[in-house]
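# A structural walkthrough
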Amino acid sequence: AVFVDSANAVNILAGLDLAIDAIDSCGPKIELLYRAATEEIPVISCMGAALRTDPNCVRVGPLREVRNCPLARRVRK
């Protein structure tokens, strides 16, 4: 396993046309999203889904529109 940090994020993203983020830790998630934005790499990012079991509640949209998710709130901050 590789953990994303400021030293390796650029290398992890090198050559990608799209990144899919399913990181649960705030620091590495923010680093990956920041570097992807800097490199203009589109990202599909999963936010918190802990204890949510109804697949009908899954929503797709921009990070700025995510509500009721502590992880998304911390990432935006």
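The residue count restarts for each chain, going from 1 along the sequence in the order it is written. Two thresholds apply to this predicted model, a pLDDT of at least 70 for residue-level local features and 80 or more for giving and counting side-chain atom pairs, whereas whole-chain, interface and lining totals are computed over all residues. Each side-chain value is worked out from all heavy atoms of the structure, with water and hydrogens disregarded.

## Observations regarding unusual backbone geometry
To keep things clear, this is the line we draw: Think of it this way: any DSSP run of H or I at least four residues long counts as a helix, any run of E at least two long counts as a strand, and we number them from the N terminus. The buried label goes to any residue with under 20% of its type's maximum accessible area, the exposed label to any with over 50%, and the partly exposed label to all in between, with areas taken from a 1.4 Å probe on protein chains only.
We note that Glu40 has phi near 60°; this positive angle belongs to a residue other than glycine. Within the secondary structure, Glu40 is located in the loop between helix H2 (26-38) and strand S2 (43-45). In this structure Glu40 comes out as exposed when scored by relative accessible area, which is 71%. Unlike most non-glycine residues, Asn68 shows phi in positive territory, near 60°. Residue position: Asn68 is located in the loop between S2 and helix H3 (70-76).

## Thoughts on the environment of Arg73
Take Arg73: it is sitting in helix H3. Each C-alpha atom, one on Arg73 and one on Met47, is 9.6 Å from the other, the two residues being 26 residues apart in sequence.

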